[in-house]
Amino acid sequence: MLSAVFAGVTAILAKQGMENVNSHLGTAIRTTVVLFFTWCIALAVVPVQSIVDLSRRNWVFLALSGVTTGLSWLCYFRALQLGEVSRVAPVDKLSVVFAIVFAVLFLRERFTTVQWIGASLIVAGVVLVAWKKGPV
């Protein structure tokens, strides 16, 4: 729940911070802060030996995850710059549906009918909230 709250606040803060700022520069600034903040936390609570013990596979998949996170943030910040938070943020939440589909395809996870209904409702909710209405 806290992750969702912070993500919601992030959208508002980012939209305010992006005023008259190139979206790539905004993403770079945000990423630098995240980098510093997370390394401070990691070094405070994780033994340094844990870094040395990471396997090549760990590094590859974590690095690829970092690249896709960066691409996601670049797209998200550009969308925030161009559109309304109330429409951009819901579309971003389609990541839940993509994660489910990818988990089934690549990780061979199994999902129940109820979970698929939930994913369908997420899609329906995104369409309802993000749909741009014409003049009334």
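Scroll up to find the structure this text is about.
Residues numbered from 1 in each chain as written. Predicted model: local features only at pLDDT ≥ 70, side-chain atom pairs only at ≥ 80, totals over all residues. Heavy atoms only, no water.

If you tally the helices and strands in the protein, you get 7 helices and 0 strands. Ordering the α and β elements of the protein from the N terminus gives α-α-α-α-α-α-α. The C-alpha radius of gyration of the protein comes to 18 Å, more than 25% above the 14 Å expected for a compact globule of 136 residues. Dimensions along the principal axes, computed over C-alpha positions, put the protein at roughly 60 × 45 × 25 Å. A buried classification covers 15% of the 136 residues belonging to the protein. (Helix = DSSP H or I, 4+ residues; strand = E, 2+ residues; numbered from the N terminus. Rg over C-alpha atoms; globule rule 2.2 N^0.38 Å. Buried < 20%, exposed > 50% of the residue type's maximum accessible area, 1.4 Å probe, protein only.)

One full turn of an α-helix is made of 3.6 residues, so residues set three or four places apart face in the same direction. Between its first and last C-alpha, helix H7 (residues 113-130) extends 26 Å over 18 residues, near the 26 Å set by a 1.5 Å rise per residue. Of all the positions in H7, only Ala-119, Val-126 and Ala-130 are classed as buried. An end-on view of H7 places all buried positions within 15° of arc, on one side of the element. Of the exposed residues in H7, the ones pointing more than 90 degrees away from its buried face are Thr-113, Val-114, Leu-121 and Leu-128. Packed against the buried residues of H7 are helix H5 (85-92) and helix H6 (95-106). (Expected span 1.5 Å × (residues − 1). Arc of directions from axis to C-beta. Contact = heavy atoms within 4.5 Å.)

Our focus in this paragraph is the packing of helix H2 (residues 23-45) against helix H4 (residues 56-82). Closest axis-to-axis distance for the H2/H4 pair is 9 Å, and the angle between their directions is 130°. Between H2 and H4, the angle falls in the class oblique. When you trace H2 past H4, the crossing you get is right-handed. Taken together, the residues of H4 that come into contact with H2 (itself represented by Ser-23, His-24, Gly-26, Thr-27, Arg-30, Thr-31 and Val-34) are Trp-73, Leu-74, Tyr-76, Phe-77, Arg-78 and Gln-81. Considered class by class, the residues forming the contact of H2 with H4 number 5 nonpolar, 6 polar and 2 charged. (Axes fitted to C-alpha atoms, helices over the stretch in contact; angles between N-to-C directions. Parallel < 35°, antiparallel > 145°, perpendicular 65-115°, else oblique. Left-handed = near helix turned anticlockwise from the far one by under 90°. Nonpolar A, V, L, I, M, F, W, Y, C, P; charged D, E, K, R; others polar.)

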